[in-house]
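The chain contents come next:
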Amino acid sequence: DLKNWELAARNIAKVANGPKIIVEKSTLPVRTAHSMRKVLEANERKIKFEVLSNPEFLAEGTAMDDLAKPDRVLIGGMRTEEGEKAVRKLCQVYEHWVPKKNVITTNLWSSELSKLVANAFLAQRISSINSISELCEATGADVQEVSNAIGKDSRIGKRFLNASVGFGGSCFQKDILNLVYLCESFGLHEVAAYWDQVVKINDHQKLRFARKMIKNMFNTISGKKIVLFGFAFKKDTGDTRETASVYVAKHLLAERAKVTIYDPKVDEEQIKNDFNYYEALTPGKEFKDCVTVAKDPYEAVKDAHAIAIMTEWDEFKKYDYKKMYDSMVKPAFIFDGRLILDHPKLLDIGFELYAIGKPYGVKYQNMDDLKVN
């Protein structure tokens, strides 16, 4: 839905008192700037506009640091004399605090596409390691050991290779689907299918995690209290857009579990809104009938059958899990969807443990298991 940028462009054209440089910051489909320019220059006063693409590469939770010390600043403009002048003016603004070598200039379309592709590549890495996590569970390999081994390869690097219950947030899925739509519109069906698979693997990982919980809890969770630690899509933010928690909770509620949620930053009203927006509630049920939002993690786990780590909040690593275990129904289960807990310690306490990509419970623990009788 691109109506807002068009309304903004028409308003700028209406109130502008002279030539202007318009900077496109949002992640938009390729060639949006071209359409924006057409709208702007349709003004009756014949005012001239130059439209630049200057996408943001800011991560939620570290946005101010990313702005102060960016890896790169990308500026795209028309390859005309006036377009080049506009690009240089914006470069001069950034050069007050960003080294010249970190300011990249491109044509308009390359800049718009680069933002989509950057997010698509990051999401692709997450889906890639998450797909391997399922193979690790089947074979007895350890996904963290595999991730560490391949991350030592300088051609690959270690960033975005942490297996998890799946990525969330407002950017990755939206931008990949934008890329898929763009490819389809140009008839690039094989390319579209390739990128669409990144989203499908992410959806599969969330469903697989929920199914693993059900399977480990004796294939029934009806009436069982399951506590989700974390509702934000990642730590150090209250953002819940496309959070894995709401999708996993939806699967659990469909199996008639009693879901309790604790998150240090997300309030009950936001959680309630998300359950309604993502249609995660059991049909015919109200939020208060299906979900409890706790204000204290120790109170949350009382009489619970299981805990699931959904967000990688640092405080979750510091809890007294022995105290929690003592207050839970036995056998007590813990499902680490972010690989942040001390697994040997949890096993010593007595928890039944499942973790993404870990070989707990896998029959192939050594070479003797592979012998054919």
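Shown above is the structure to which this text applies.
These figures come from a predicted structure and were not determined experimentally.

Caption draft 1: Molecular detail of the sheet that holds strand E10 (residues 352–355). Strand order in this open sheet of six strands is E7-E6-E5-E8-E9-E10, and the pairing throughout is parallel. For this open sheet the edge positions go to strand E7 (291–293) and E10, each flanked by a neighbour on one side alone. Ignoring strand direction, the axes of neighbouring strands in this sheet form an average angle of 20°. Lying over the sheet, helix H8 (residues 189–216) contacts strand E5 (225–229), strand E8 (306–309), strand E9 (333–336) and E10, oriented at roughly 160° with respect to E9.

Caption draft 2: Region of interest: helix H7 (residues 172–185). Given a rise of 1.5 Å per residue, 14 residues ought to cover 20 Å, and the 20 Å separating the end C-alpha atoms of H7 matches this to within 8%. Structurally, H7 contributes buried residues whose contacts are with helix H5 (108–139) and H8. After H7 finishes, the residue glycine 187 shows a positive phi value of roughly 80°.

Caption draft 3: Examining the packing of aromatic side chains more closely. On inspection of all chains with the given rule, the structure shows 21 aromatic pairs. Ring centres of tyrosine 325 and phenylalanine 351 lie 5.1 Å apart, and the angle between their planes is 70°; this geometry places the pair in the edge-to-face category. In this pair, tyrosine 325 sits in helix H13 (residues 321–326) while phenylalanine 351 sits in the loop between helix H14 (343–349) and E10, placing the two residues 26 residues apart along the sequence. Phenylalanine 351 matches tyrosine 325 in its accessibility class, with the two residues each being buried. Relative to tyrosine 354, the ring of phenylalanine 335 has its centre 6.2 Å away and its plane inclined at 55°; by these criteria the two rings are tilted. Here the residue phenylalanine 335 occupies a position in strand E9, and tyrosine 354 occupies one in strand E10, the gap between them amounting to 19 residues. The exposure class of phenylalanine 335 is buried, given its relative accessible area of 1%. The exposure class assigned to tyrosine 354 is buried, which follows from its relative accessible area of 6%. Ring pairs connect the aromatic residues Phe229, Tyr262, Tyr298, Phe316, Tyr319 and Tyr321, which therefore count as one cluster.

Definitions and limits used
- Residues numbered from 1 in each chain as written.
- Predicted model: local features only at pLDDT ≥ 70, side-chain atom pairs only at ≥ 80, totals over all residues.
- Heavy atoms only, no water.
- Pairing = 2+ DSSP bridges.
- Helix = DSSP H or I, 4+ residues; strand = E, 2+ residues; numbered from the N terminus.
- Axes fitted to C-alpha atoms, helices over the stretch in contact; angles between N-to-C directions.
- Contact = heavy atoms within 4.5 Å.
- Expected span 1.5 Å × (residues − 1).
- Phe/Tyr/Trp six-rings, centres within 6.5 Å; stacked < 30°, edge-to-face > 60°.
- Buried < 20%, exposed > 50% of the residue type's maximum accessible area, 1.4 Å probe, protein only.

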